[in-house]
Amino acid sequence: MSNKRNFGFDTRMLHAGHIPDSMVGARAVPIFQTTSYVFNDADQAAQLFELKQYGNIYTRISNPTTASFEERVASLENGTGAVAVASGMAAQFAVFMTLLAPGDEIVASSHLYGGTMTQLVHTLKKLSITVHFVDPSDITSWEKAITPKTRALYGEIIGNPGGTILDLEPLSALAKSHCIPLIVDSTFATPYLCRPLDWGATIVVHSATKFIGGHGTSIGGVVVESGKFDYTRYPTIADPSPSYHGLRFYDTFGHYGFLMKLRCETVRDTGACISPMNSFLLLQGLETLSLRMDRHVANAQAVAEFLAQHPRVTAVRYAGLPDHPHFERAKKYLPQGPGAVFAFNIKPSSGDARAAGKKFIESLQLFSHLANIGDARSLVIHPASTTHQQLSDEELSMGGIGPDTIRLSIGLENREDLLWDLDQALRAV
Ligand SMILES: *Cc1c(COP(=O)(O)O)cnc(C)c1O
């Protein structure tokens, strides 16, 4: 028997990125609650600042607790490395700031998280970056939107609220043929349900706030890279960097060049670092990820099947149901199940559909009405009266949302209790 072994996913959830510390032997990852690190001597300090030696300087750039979290996520995603930041929004922004320059373009799926939409449409526009939105399921629309200025393709593995699944294989082939990276927001899947890098994506971003943390306690984000993209002719990563005295990140750090630039320039300069305490809490979440996701998915499947046959429900958009247009695609990319977040519509009994949605939400006893997903507890939101209340019915329907659309994030409670709660609230409408 060999004394080397490639450990399985569950083993790496518990062990990757940490060996018990040699000073006190702590088995759990210690929380290194420190801003800064003492240099051995003046020469070492200079070497660290020049990136000629690897080590910690200041927690805005790196921290040992955060490093354990980064290594663990990188291992679970089969990436070359990872950088953790303050939030999912910060993770995406750091990727865009590292890759793009004014005048560059992105082609993005139109089925995106609301906050991501605003970041792409308004904030990137201020930086003279243009985003073209396309129907994520239509590969020719992606192809048509690519111009010589396109520097990235962007999509979410599971779209919301339609439950659409990104077709990773042809998309990564398209990205490859144009020498541009495919960036995938895999928040709804987690590395347990899907590993986009294995399907040819270049970069994965997560809002670790959601299922990775898993308990609704901490905001955090993480960027993972495949290490397989050739940045030789990709100016922002290959060219000498004026903000690091002419350093060529790709030349110097090879497959780690993108992440080094993201950490040492973008995160250094934008300052959206994660706290060591949050890295610790997110590590705690990772240790039970597969167990929780199996339960999340099994409960979501049971709830979706229950709602699909309920007389007061019209459309359940969960890719685990055979009538969903991406049922087969979900089985291919998410063989353990297509996540635990999905939407459905209440059958309007009479008149005002928005009012029916409100009444339903207010009648629920177990589901928490709030703006989050991926908590251990079940969550619900009525987009038309909350996150999307500024929009007319027409604008809502463009985003695939009706006045009677309800979004659920299914938690880990007893299945029968969830079905009971939904049933009694539907009857109250
Ligand atoms: C929540 C979320 C984000 C943003 O993450 P934060 O941690 O809240 O900043 C991005 N993408 C998706 C799919 C999300 O659900």
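Cut-off values and rules
Residues numbered from 1 in each chain as written. Predicted model: local features only at pLDDT ≥ 70, side-chain atom pairs only at ≥ 80, totals over all residues. Heavy atoms only, no water. Domains from an automatic or database assignment. Contact = heavy atoms within 4.5 Å. Buried area = accessible area lost by both parts, 1.4 Å probe. Salt bridge = Lys/Arg side-chain N within 4 Å of Asp/Glu carboxyl O. Polar contact = N/O pair within 3.5 Å; in protein donor to acceptor, adjacent residues only side chain to side chain. Helix = DSSP H or I, 4+ residues; strand = E, 2+ residues; numbered from the N terminus. Phe/Tyr/Trp six-rings, centres within 6.5 Å; stacked < 30°, edge-to-face > 60°. Buried < 20%, exposed > 50% of the residue type's maximum accessible area, 1.4 Å probe, protein only. Lys NZ or Arg CZ within 6 Å of the ring centre and 35° of its normal. Expected span 1.5 Å × (residues − 1). Bend = angle between axes of the 7 residues up to and from the residue.

### Side note on the domain arrangement of the chain
On domain assignment, one finds that the chain holds domain 1 (35-286) and domain 2 (289-428). Using C-alpha coordinates to define each centre, domain 1 is positioned 29 Å away from domain 2. Across the boundary between the two partners, domain 1 contributes 30 residues, which contact 35 residues of domain 2. Across the interface of domain 1 and domain 2, roughly 2800 Å² is buried in total on both sides, 62% from carbon and sulfur atoms. Interface area lost by domain 1 to domain 2 is led by Tyr-192, Leu-193 and Phe-211, which between them contribute 28%. The interface formed by domain 1 and domain 2 holds 2 salt bridges in total. Put simply, Lys-332 and Glu-169 hold a salt bridge, and the shortest N to O gap is 2.6 Å. Where domain 1 meets domain 2, there are 17 residue pairs in polar contact (both at pLDDT 80 or more). For the side of domain 1 that touches domain 2, the secondary structure elements donating two or more residues are helix 7 (168-177), helix 8 (190-193) and helix 12 (276-286). If one sorts the elements of the side of domain 1 that touches domain 2 by residue count, helix 8 sits on top with 4 residues.

### Quick word on the packing of aromatic side chains
All told, the structure shown has 13 aromatic pairs when counted by the stated rule. A ring pair is formed by Phe-249 and Phe-253, whose centres lie 6.1 Å apart and whose planes are at 35°; its orientation type is tilted. Here Phe-249 pairs with Phe-253, and both are found in helix 10 (residues 249-253), just 4 residues apart, close to one helical turn. The class for Phe-249 is buried, based on a relative accessible area of 0%. Relative to Phe-342, the ring of Tyr-318 lies with its centre 5.0 Å away and its plane at 45°, an arrangement referred to as tilted. With Tyr-318 in the loop between strand 8 (313-317) and helix 14 (327-333) and Phe-342 in strand 9 (residues 341-346), this residue pair connects regions lying 24 residues apart in the sequence. Each of the two residues, Tyr-318 as well as Phe-342, counts as buried. By the ring-pair criterion, three or more aromatic residues cluster together here, those being Phe-229, Tyr-231, Tyr-234, Tyr-250 and Phe-258. Positioned above the aromatic ring of Tyr-234, the side-chain terminus of Arg-151 is 6.0 Å from the ring centre.

### Considering helix 5 (residues 114-126)
The end-to-end C-alpha separation of helix 5 is 18 Å, in line with the 18 Å expected for 13 residues at 1.5 Å each. For helix 5, the principal kink sits at Leu-120 and spans about 30°. Residues of helix 5 that are buried sit in contact with helix 4 (88-99), strand 2 (105-109), strand 3 (130-134) and strand 4 (150-156). One or two steps after helix 5, the chain reaches Ser-128, where phi turns positive at roughly 60°.

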